[in-house]
Each structure stands twice: as C-alpha cells, then as structure tokens.
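# Examining the three-dimensional arrangement
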Amino acid sequence: MNSRFLLFPFMLTVALLACNSGPEAPRGFSLPEGDVAKGEAVFRKYQCLGCHSLEGFEDPDITKEFSRPVMLGGDSSRVKTYAELVTSVINPSHKLVPRAIKLESVVNEDGTSKMRVYNDVMTISELIDLVAFLQPKYQVKPMQYTHYNIYHIP
Ligand code: HEC
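It should be emphasised that the depicted structure is a prediction, and the values quoted were computed from it without experimental measurement.

### Regarding unusual backbone geometry
Look at glutamine 47: it is not a glycine, yet its phi comes out positive at around 55°. In this structure, glutamine 47 sits in the loop between helix H2 (36-45) and strand E1 (52-53).

And the structure:
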C-alpha cells in the first residue's frame, strides 16, 4: 500500500492523542481550593464589573467601559472548563468571544483583548479565591482537587 495512505491515519491518531495527553493538556493542572467569600472581595477590588455583568452583582460606583458589558457566568459563554476559566483571567486574549460581541470593539487594534491583564498585580492566592468565586456561576465541572491523603503510604 502506498505509504501516504498510512501516514494520514497515523497523523490523525497522533493529533487526537495530543489533545488529551500532550504537554498542553490540562491534565494534572490543580490549584488548591479557594475561598469563595474572599474571591468576591477580589472580584470587587479589581473592578471586574467595569466591563462585565454578573447576575446578582452590581456596583453603581464603577465606571462602565462598554455599553454592553461582557456577561460572566451562565452556560452560553465560551468558558466550558475550569482550565478555561483560569485561562480567561490570566491570558484573556487566548480565547476571544464570538464576532457578534466583538462589534463593540472589545478587542484592541492588534487583536488582543481589551480585558486588563492582572498578572503583575493579582496574587496567586487572589486568583485561586477569584476562580473559586466564579466557578459556581458557570456550568463548569467542579475541579478535582488534590486529595493529599492518597499519597499517604501506610
Ligand atoms: C477593561 C475591561 C475588562 C475588565 C476590567 C475585566 N475584563 Fe474580563 N473580559 C473583558 C472582555 C472584553 C472579555 C471578552 C473578550 C475576550 O474574550 O477577551 C473578557 C472576558 C472575560 C472572561 C471570559 C468570558 C466568558 O465567560 O466567556 C472572564 C471569566 C473574565 N473576563 C473575567 C474577568 C475578571 C474576573 C475580571 C476582574 C479581575 C475581569 N474579567 C476584568 C474585559 C474586561
């Protein structure tokens, strides 16, 4: 058989395997469990409501940057996994919202997100708590936290 015909299924298998277990897969990604109440304080501290809406949360003192704020939470958003939720906070340009919302120019001229980058100001503890606060607002499968006792050798 012509080797080209074998090459294609081989490449496909490699590509599929890479999706699940490659170095870029979220497997093994584990943040410690966060504090929801502290996470809400972080959400307010960094004024996320300046660009976002979140059901049940309002802050009239914050200047709104968009006429239609980007909704957080719910099941219609792009965030489908815990890893995506964390990614959207620390690497906002990784996954941009669909074109319809982009009409309101939520992206800069160079195509990056207008979302502020918090990486130099937010502590990792703040990030952990913030994600613990936001995660239940999404239809995201709860994270499998590390249960340290499984490492206990009797
Ligand atoms: C200056 C405006 C701005 C601020 C402030 C801001 N964001 Fe965003 N954020 C955006 C924009 C615009 C998007 C959607 C476009 C994109 O994907 O970058 C977004 C997307 C997101 C998403 C993914 C949206 C989804 O559900 O699909 C999350 C989660 C998020 N932001 C969280 C936060 C949190 C938490 C804060 C506060 C620490 C924050 N953002 C502050 C502009 C902002």
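### Considerations on the site of the ligand
Close to the ligand lie 27 residues; Cys48, Cys51, His52, Ser113 and Met115 are nearest. Here a nitrogen atom of the ligand sits 2.7 Å away from a polar atom, N or O, in the side chain of histidine 52. A distance of 3.5 Å is found between an oxygen atom of the ligand and a backbone nitrogen or oxygen belonging to proline 92. Sorting the residues of the shell around the ligand by element identifies helix H3 (82-90) and helix H5 (124-134) as the ones contributing at least two each.

### Structural notes on the coordination of the iron atom of the ligand
The iron atom of the ligand binds to the protein through His52 (NE2) and Met115 (SD), with metal-donor distances spanning 1.9 to 2.2 Å. Coordination at the iron atom of the ligand comes from six donor atoms whose angles at the metal span 87 to 178°, giving a geometry best classed as octahedral. With histidine 52 in strand E1 and methionine 115 in the loop between helix H4 (99-102) and H5, the pair connects residues that are 63 residues apart, well separated along the chain. Of the residues examined, histidine 52 reaches a relative accessible area of 13% and is grouped as buried.

### With respect to the pattern of salt bridges
Applying the stated criterion across every chain yields a total of three salt bridges. As a salt-bridge pair, glutamate 40 and arginine 44 come within 3.4 Å of each other at their nearest N and O atoms. Within this pair, glutamate 40 and its partner arginine 44 are both found in helix H2, separated by four residues, close to a single helical turn. We classify arginine 44 as partly exposed; its relative accessible area is 33%. Residue lysine 45 pairs with glutamate 126 through a salt bridge whose shortest N-O separation is 2.6 Å. Taken together, the positions of lysine 45 in helix H2 and glutamate 126 in helix H5 put the pair 81 residues apart, joining distant regions of the chain.

### Looking at the packing of H3 against H5
Put simply, H3 and H5 touch, their axes get as near as 11 Å, and they point 125° apart. As far as their axial angle goes, H5 and H3 are oblique. Crossing handedness for the pair H3 and H5: right-handed. Residue-level inspection shows Tyr82, Leu85, Val86, Val89 and Ile90 of H3 in contact with H5, the latter providing Leu127, Leu130, Val131 and Leu134.

### A look at the nonpolar core
Phe43, Leu54, Met122, Leu130 and Leu134 are the most contacted members of the largest nonpolar core, which totals 24 residues. Broken down by secondary-structure element, the contributors of at least two residues to this core are H2, H3 and H5. Tallying contributions element by element places H5 first for this core, with six residues. Ignoring sequence-local partners within four residues, the contact set of leucine 130 consists of Gly39, Val42, Phe43, Val89 and Met122.

### Structural notes on H5
Of all the 11 residues making up H5, nine are buried; the element is thus mostly covered by neighbouring parts of the structure. Along H5, the residues classified as buried are Glu126, Leu127, Ile128, Asp129, Leu130, Val131, Ala132, Phe133 and Leu134. In this structure, the buried residues of H5 make contact with H2 and H3.

Here is what the cut-offs are and how they apply
Residues numbered from 1 in each chain as written. Predicted model: local features only at pLDDT ≥ 70, side-chain atom pairs only at ≥ 80, totals over all residues. Heavy atoms only, no water. Helix = DSSP H or I, 4+ residues; strand = E, 2+ residues; numbered from the N terminus. Near = heavy atom within 4 Å. Polar contact = N/O pair within 3.5 Å; in protein donor to acceptor, adjacent residues only side chain to side chain. Donors = N, O, S within 2.8 Å, 3.2 Å for Na, K, Ca; no water. Tetrahedral: all angles 85-135°; square planar, octahedral: opposite > 155°, others 65-115°. Buried < 20%, exposed > 50% of the residue type's maximum accessible area, 1.4 Å probe, protein only. Salt bridge = Lys/Arg side-chain N within 4 Å of Asp/Glu carboxyl O. Axes fitted to C-alpha atoms, helices over the stretch in contact; angles between N-to-C directions. Parallel < 35°, antiparallel > 145°, perpendicular 65-115°, else oblique. Left-handed = near helix turned anticlockwise from the far one by under 90°. Contact = heavy atoms within 4.5 Å. Core = buried A, V, L, I, M, F, W, Y, C linked by side-chain atoms within 4.5 Å.

Everything listed here is a matter of geometry and, on its own, says nothing about what the molecule does.
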